[in-house]
Each structure stands twice: as structure tokens, then as C-alpha cells.
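Close look at the chain arrangement
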Number of protein chains: 2
Amino acid sequence: MAQRFQTLPGFRDFFPDECAARNHVFEIWRKVARRYGFVEYEGPILEPTALYQRKSGAEIVNQLFCFPDKGERDVSMRPELTPTLARMAAARQRDFRKPLRWFSIGQFFRYEKHQKGRGREFYQFNCDILGEDSVLADAELIALSIDLMRAFGFTEADFRIRVSDRNAWVDFATRNGVEGDGVTAFLQVIDKMERTPEEKVAGQLAALGLTLELIRDFIASGVEASEALQAILADLSARGVGHFVEVDLSIVRGLAYYTGPVFEIFDIGKGMRAVAGGGRYDQLVQLIGGVEMAACGFAMGDMVITDLIRETPAPNALLEAAVRDGQSVDVYIVLADPGKQAEAAALAQTLRLAGIRTLTPLAPAKVPKQFQAAEQSGASFAVVVGSEYPEVTIRNLRDRSEITTRPEGLIEALQGQ
Amino acid sequence: MAQRFQTLPGFRDFFPDECAARNHVFEIWRKVARRYGFVEYEGPILEPTALYQRKSGAEIVNQLFCFPDKGERDVSMRPELTPTLARMAAARQRDFRKPLRWFSIGQFFRYEKHQKGRGREFYQFNCDILGEDSVLADAELIALSIDLMRAFGFTEADFRIRVSDRNAWVDFATRNGVEGDGVTAFLQVIDKMERTPEEKVAGQLAALGLTLELIRDFIASGVEASEALQAILADLSARGVGHFVEVDLSIVRGLAYYTGPVFEIFDIGKGMRAVAGGGRYDQLVQLIGGVEMAACGFAMGDMVITDLIRETPAPNALLEAAVRDGQSVDVYIVLADPGKQAEAAALAQTLRLAGIRTLTPLAPAKVPKQFQAAEQSGASFAVVVGSEYPEVTIRNLRDRSEITTRPEGLIEALQGQ
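Let us look at the structure shown here. (Residues numbered from 1 in each chain as written. Chains lettered and ligands numbered in written order. Predicted model: local features only at pLDDT ≥ 70, side-chain atom pairs only at ≥ 80, totals over all residues. Heavy atoms only, no water.)

A few points about the overall build of chain A
As a reminder, the rule being used: Think of it this way: any DSSP run of H or I at least four residues long counts as a helix, any run of E at least two long counts as a strand, and we number them from the N terminus. When we talk radius of gyration, it's over C-alpha atoms, and the globule rule is simply 2.2 Å times the number of residues to the 0.38. Residue exposure (1.4 Å probe, protein chains only): buried if accessible area is under 20% of the type maximum, exposed if over 50%, otherwise partly exposed. Contacts: residue pairs with any heavy atoms within 4.5 Å of one another. Residue exposure ignores everything except the shown protein chains as possible cover, and the areas themselves are Shrake-Rupley values with a 1.4 Å probe. The convention is simple: Lys and Arg are positive, Asp and Glu are negative, and His and the chain ends are not counted. We put the charge of a Lys on NZ, of an Arg on CZ, of an Asp on CG and of a Glu on CD.
A count of helices and strands for chain A gives 15 helices and 16 strands. Computed over its C-alpha atoms, the radius of gyration of chain A comes to 28 Å, more than 25% above the 22 Å expected for a compact globule of 417 residues. With the C-alpha coordinates of chain A rotated into their principal frame, the extents come out at 95 × 55 × 50 Å. Taken over 417 residues, chain A has a buried fraction of 58%. A separation of at least 24 residues holds for 68% of the contacts in chain A among residues at least 6 apart in sequence. Carbon and sulfur atoms form 49% of the exposed surface of chain A, whose accessible area is close to 16,900 Å². Here chain A contributes 48 positively and 57 negatively charged side chains, and the mean placements of these two sets differ by 5 Å.

Quick look at the structure:
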């Protein structure tokens, strides 16, 4: 027997129902971003490995699909979009009015142990504002992320945005005598604090001349600790979405490149997963492209959000409806008289040119079998072409009602149903 | 100075205008396929290299982005979709009613010399019918490909479908005493005939016991040579699209895996390029997945069609309109009184929730500068929020007319414009 081929571990086949679910997520991403005036862009799936090393350090190669290409270039399948965005924005920064409001929907690759909610391949929505240092840009992204969640069908009962401010922590560190490389080490301690035994954290802090109590008091100060967060919350309240947001200074987001407010969307009740995250990164465009450009952005992957949608009734109902619609047709033409094949073909052409999704049998079949196929196709109507032609029968497959019409009146009759 | 990063040769950045053009092509592909009742699927971008070698032979690796992954698997960035489709269809063939009518829009990779119309990365529309051996399936795909071209804005003056039949050639070879491996060698001679010096062709044919005259007579017999082509043409004529089709037996399409009718779309007048191509391949699902399943399909890449659209006035006008629409907004909110920032933010939220694409300034700017930004954003309307609030002014940016309204009447007033 022939060797059977398998999908690579951590990669996915999208059969039609899964592809329709994916497209539903893409459409919400795209629709909400467009409402906020963002424009879509895309970069290459393969980039020089050095691009990712510049942002994340040499050890990033351990989780990359990287290889030498046939021209001896060290290349990588992209693990994220932000370095590409920084390269593109810097390369043509004179061609665009600032701020840039750009979004992208694309596929990414990381060689990791695959598990629920994490594959070696995933789609990600990236949404960034470049060339604007006002905190209103941060607020705009948070508002957009809230509206994304609402467009999926989630409510206040399902999710929160947690916001924090890396600058507030840097200020805190400086006030308390931590300096230079110590600040980065300190932020890493805070980032891992919730998942680290208390004694260990206390020891790490002591080495920096700090105490757990000091840290806890600072976290408890909440929004008081940051003017930027105060301005962001005021703006989100004016938009009427302040109740979706919580200040939580315990979040610092591990990535070293953030330089200001950071935020993440997390689900409440279903497992407190992070659904999306982002923040301000004012140094990256300079680092990658040699051009000073303030920037903030966030990303949402497709896997966690799709799991969450499927576990939550209202969003799942929207998804299921989109999946049905993505696979159904409007009309199934039943050929009751094989002698009318040409007439049925002409009718199908007319309907399709009018934008009506139409199926025809491609091989002879008994009429009951054709009606069965019509039902299974999800069609709203069967149009029966038989010996009475040019009289044709429209059967409404929902309520079984029938009317008759002629070819020239068919589209109108269907639209009137 | 920092090292500047470059896009890899043969790869593309899609800045917003290029991305909107790409999306226009995707939308036409998707819309027309859905009208024909096709459903969308997608496979992985990375597959085992052996999958492509099974279909095309070991030497295919010379044009693949292939590498050993961190788990020592020989993997390749996909150069085409058909082997994946055959794998997927075979794996779950019991779950789907035949025939499958599946389409896909995805990205592909080939390590080739890049030139106009050919990159190392490209998008491709794949459209296949599986599990149906009737020639009506072949005709359905040809009709769909014609409607694709018409949906792009092309007319009878711009393109033709050339159809041929590999079986007719195999029959011809057999009738003339060519057998076994000779048939494959013979088909390769015919495939390259137009691009090979006549003397050389004559020599190759002589080695098979054939003459140029015999071949030319056969090509001249046209549709008479194939019952399948006769049936396909009859069906396409019944659909009213027969005039887009020419029988041209000189086409055999090089790929060894075709087993019946083959066709290609080519442009007339602009350079006779092949825009798309396909045909019947009844053996591949067996070869890849061990399951007998008749199949036919075709593929269209994004690069040649986009070049052709840009060179042809009517299709280019449709593309340009889509590019403008993909980057413009409906409303730009002008903040004429900085004290009304919160009111403007609330108004933006209201408009966006109603699906209206809305921009707001993210930083203080003088009113004329805001109007300039509104013009450049492509907005249809500026909504001016100033000291008169709750009275707001709607300025129509096309004809400069103005009306005033209040926040609760804003959406209705905009929709009435």
C-alpha cells in the first residue's frame, strides 16, 4: 500500500467548516479595523533571520523555522509581524501621512511544543498606530480591541482589558535607587512574580534593594501611579467603554521592547486566558529601520479567540451562523427532464451572473435524489426545470411552498420570496 | 549606522494600496466561486517534501524552499496546492457528499529566477471538483473561469479559453503505434512543439514513427478529435459562453498528471500570456491518498492577472475603485473646540458601532489642518464638534454643502446624505 501522508505536527488542515470559522474571525477583525479607519497591509512570510535577531536577540532562532535558502541566505518563516512592520514603515515613511493606522491578517510560525491554544502555525491580527506619541493612540487601540470582542458577540460578562504602564515601573525603580541593567532585571522579576514562589521573589527584590511590601503598595496604588493611564481611562470612559478596563500594574508584559502603556485582553470565567496583548514600543522602528517613529500596537491570534468563541453561547451562535452561510447556496436547480439540460445550464448562468449562489447537478440523477442534494446543500430554493419548460417551479425548501414562473421572471420571483 | 533590512529577492511587501489591490483580486475569486456553490478550504503552508516528490518526482526539490526542521523532518514551503487537496480529500472522503466543489486562496513558494509575472512567492486561486467524472464538471470549471474574467471586467475582446484533450492525443498516439513510455515522450514533444525548431520536432517525431504532417492534420481536426470536447462545447454554448472558447489541440500542458480535457485562459492582444490553467487529473487522489476519486481543477495566480488588469482600462478602473474604497473612511471628526474632546470621542464610538468608518484626530491640531486631514483620508463627510455642541455640523466633502444636527440625529442625517 502507498505511504499515507500526514499533516505536520502543529499544522492545521482547514476543511470547509473550519475554513468558514476562520473566515468569520478574519471578517470581524477586518470589519472592526476598517471602522476605526485602519488600512490593511501585509509583509512577506519569509524574512532574513537577522531581522528577528535584531529585535529579540540571537536565541530567538531556537523557536524559528529557519534555514539557509538555495542562495545561502539565512531566512526564517516569520514568527511575528512587528519587525516587518518597522522595516516597511521606516522604508517608506516619507510616503505616508502620520499617524499610520495599519492592520494586517496573516500567518505566523514558531517551532514550539504544540498544545491547546498554541500551534506551530497560527493566524494573527496585528493592529498598530505609528508616528503618534499621544496616549490617545493607546486609548484608540484599546477601544478597538473592546469593539473587536463585542463584534464577536462577547459582553462585559466575558472579558476585561487589563492595562498597565511600563514607564510607571521604570519611574518606581528609579525612585527606589534601581538603575541601568538593574531596571530590566527588575521588570523581569515583576513580570514573573505571579508564577514564582513568594520567597524567591522576595530574595530577588532584596538583591535590588527592594521589598515585597514596597511592590505591593505600588501595585495597590493603581491608576494613581501613572498619568498616562489616567488619560487613557478618561478617554475610554468618554467613549462609554471604561467599564471594560481594569488597571493592573502587576502586568508588565515580558517583551523588553515595550516603552509605555501595555494592555491585554483576558477572558473572565473561562480560564483567564490572555486573548490579545500589546502596548507602546517607541524604540523599535529606530532599532530596525533607523528612523525615529513613535509606535503602539497589539496582536490577537486566531487559536485562543476561536476556542473562547466556541465555549461561549452568543459568540458561538454568530460563528455557527457564519459557518452555515459560508457553505450554503441560494438555489439548487433540479433537472426533472434530462432533455432540458441546456435550458437548466442557461438558467444557472443567468442566476449566477445576478450574484445568486446556484448549484446544478453535474451528472444524471433521479429527481428525489436531486431534491435530497438540494436539502443538503443548504439551498433556500429548488428551481425545477422539467418538461413544462419554459414554465419553471420554485420550491421554497424551508416551508415547502411552491410557485411557478418563467425564466425571464425567475430572479424577481426569487428575490420576492 | 544600523544595518538596513531588505525584502528577500522575489518576495513582496504589500503596502496599503498594493494590499487593497490584492484584496480586490481575492474578493472576485471568492465571490464568483461562491456563486458556483464552491466552498472554501485551506491547507498548511508547510508540508512533508515527500508529498511533492510523490506527485512530481525527486527533482522537484530543485525549485522548493525545502529544509530539515528542528525535528529532522524534510519539509517544504508549498509550491502548489493540489497534492494537499488530494491528501485532504482522501483522508476524509467519507465525510463529504460527492462531488466536492472546493476552492482555496493561499500563498505558494518556488525558488526560481524571479522576473515579471513570476516571483518566489505568489498567491493562487485553486478551484477543483472531486468525485465527478462527467465532462459537465470540466465544463462547469471552464464556465466559472470565464465568469471570473468577466467579474474582473474583461470582455470577449480581452481573453479566450483554449481547450484541448489529453485523451485525444493518447488515442492518436495509440492509433499510430506509439505505446508505453513512448506516449509520455510523445506528449512532451507536442507540449514543446511551438517553442522548438521545426527540424528538431520532425526528428523527434520520426523517432516515434510519426511525421509533422500527421500531427498538423490532427491539430486541424479540432473538436472533431474529441467527444469530450464536443460535450463541453455544447454545454458552454447552452450557458451562452461558447464564444469565449477555442479548441486548440496544440495545448497538452506539460504536467504529466493530466488525464483528460485541459484548458487555459490566455489574454489576446496584450502578449498572449496564460492567465490560468487546469484540467482533469483522475489518478492523483489515488497516487497521494490511496483512494480512487475522479478530479478536475484549475488554478490562477495573482501576478499575471494583476498585471493584465492594470494594463486594461475597464478592469483597471474596477481595481482602482476597490483600492480607493479599501483605504478610505466615511467620516472624519473635526474637533473645533479642544474642550469637547470627550464629546467627540463618544460620537466616534457611536458612529463606529453603527458600522460607519470613522477617523478622529489623535493629537491636537488646528481646524484647517484637520479639514486637510479629512480630505486626504478620503472621507465623504467631516463632522465638526465645536463650542456649539450638542449642535454638530456635517460638511459634505464632495460638494462642500453643510447641515447641522444633534448627536442623536447624526447617523440618520449621514445616511440621508
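There is more to say after this.
Examining the environment of Tyr-257 of chain A
All names here are of chain A. Its place among the elements puts Tyr-257 in the loop between strand E8 (245–247) and strand E9 (261–267). Linking Tyr-257 and Leu-318, residues 61 residues apart in sequence, is a C-alpha distance of 37 Å. Residues within four places of Tyr-257 in sequence aside, it is in contact with Lys-55, Thr-82, Arg-166, Arg-280, Tyr-281 and Leu-284.

Section: the pattern of salt bridges
All names here are of chain A. The test is simple: Here a salt bridge means any side-chain nitrogen of Lys or Arg lying within 4 Å of a carboxyl oxygen belonging to Asp or Glu.
Throughout the structure, instances matching the rule amount to 58 salt bridges over all chains. For Arg-160, the salt bridge goes to Glu-246, with nearest N and O atoms at 4.0 Å. Taken together, the positions of Arg-160 in strand E7 (residues 159–165) and Glu-246 in strand E8 put the pair 86 residues apart, joining distant regions of the chain. Overall, Arg-160 belongs to the buried group, its relative accessible area being 15%. Overall, Glu-246 belongs to the partly exposed group, its relative accessible area being 33%.

Brief notes about the sheet that holds strand E2 (residues 46–48) of chain A
Within a sheet, neighbouring strands are paired by backbone hydrogen bonds and run either parallel or antiparallel to one another. Residue and element names in this part refer to chain A. Test applied: Strand pairing is assigned whenever DSSP detects at least two bridges linking the two strands. Whenever a helix is involved, its axis is fitted only over the stretch in contact; in every case the axis is a line through C-alpha atoms, and angles between N-to-C directions fall within 0 to 180 degrees.
Pairing within the open sheet is antiparallel, and its three strands lie in the order E2-E4-E3. Looking at strand neighbours, the two that pair on one side only are E2 and strand E3 (65–68), the edges of this open sheet. Neighbour to neighbour, the strand axes of the sheet diverge by 30 degrees on average, direction disregarded. Both E3 and strand E4 (residues 74–77) contribute to a ladder of four bridges, which runs antiparallel. Paired with Phe-67 across the bridge in E4 is Val-75. The strands touched by helix H2 (residues 49–56) within the sheet are E2, E3 and E4, with E2 carrying the most contacts at an inclination of about 65 degrees.

With respect to the interface of chain A and chain B
Put simply, the test is: The buried area of a pairing is the accessible area, by a 1.4 Å probe, that goes missing from both parts when the two are put together, added over both. What qualifies as a polar contact is a pair of N or O atoms within 3.5 Å, subject to a donor-acceptor requirement within protein and to the restriction that residues adjacent in sequence count only when both atoms come from side chains. Ten residues, namely Ala, Val, Leu, Ile, Met, Phe, Trp, Tyr, Cys and Pro, are considered nonpolar, four, namely Asp, Glu, Lys and Arg, are considered charged, and the remaining ones, Gly among them, are considered polar.
Opposite the 98 residues of chain A that make contact, chain B presents 98 residues. Taking both sides of the interface into account, the surface hidden between chain A and chain B amounts to around 8,300 Å²; carbon and sulfur atoms contribute 59%. Counting the contacts that link chain A with chain B gives six salt bridges. Linking Arg-22 of chain A and Glu-40 of chain B is a salt bridge whose minimum nitrogen-to-oxygen distance equals 3.4 Å. Where chain A touches chain B, the interface holds 40 residue pairs in polar contact (both at pLDDT 80 or more). Residue contributions to the side of chain A that touches chain B peak at eight residues, all from helix H1 (residues 16–35) of chain A. Of the residues belonging to the side of chain A that touches chain B, the class tally is 48 nonpolar, 21 polar and 29 charged.

Quick notes on the packing of helix H4 (residues 135–151) of chain A against helix H13 (residues 341–353) of chain B
Counted only if it meets this: The labels follow the angle: roughly parallel below 35 degrees, roughly antiparallel above 145, roughly perpendicular from 65 to 115, and oblique for the rest. Crossings are assigned a handedness: left-handed for a near helix turned anticlockwise from the far helix by less than a right angle, right-handed for a clockwise turn.
Where H4 of chain A contacts H13 of chain B, the two axes come as close as 12 Å, and the packing angle between them is 30 degrees. It follows from the interaxial angle that H4 of chain A and H13 of chain B lie roughly parallel. H13 of chain B is crossed by H4 of chain A, and the crossing has right-handed handedness. Mapping the contact onto sequence places Leu-136, Glu-140, Asp-147 and Arg-150 of chain A in H4 of chain A and Gln-341, Gln-349, Arg-352 and Leu-353 of chain B in H13 of chain B.

Some remarks on the relation of the copies chain A and chain B
Which entries qualify depends on this criterion: The copies were overlaid by least squares, fitting only the C-alpha atoms of residues that reach a pLDDT of 70 or more in each copy.
Superposing chain A onto chain B takes a rotation of 180 degrees combined with a translation of 0.0 Å along the rotation axis, leaving an RMSD of 0.1 Å. A rotation of that kind, with that shift, is consistent with a two-fold axis. It is Phe-67 of chain A whose C-alpha, among those of chain A, lies nearest the rotation axis, at 3.2 Å. Looking at chain A, 100% of its interface residues are interface residues in chain B too, so the copies touch through the same face.

Here we look at the environment of Gly-37 of chain B
Note that Gly-37 of chain B resides in the loop between helix H1 (16–35) and strand E1 (39–40). For the pair Gly-37 of chain B and Pro-364 of chain B, spaced 327 residues apart in sequence, the C-alpha separation works out to 51 Å. Dropping the residues within four chain positions of it, Gly-37 of chain B is found in contact with Val-329, Thr-358 and Leu-359 of chain A together with Arg-101 of chain B.

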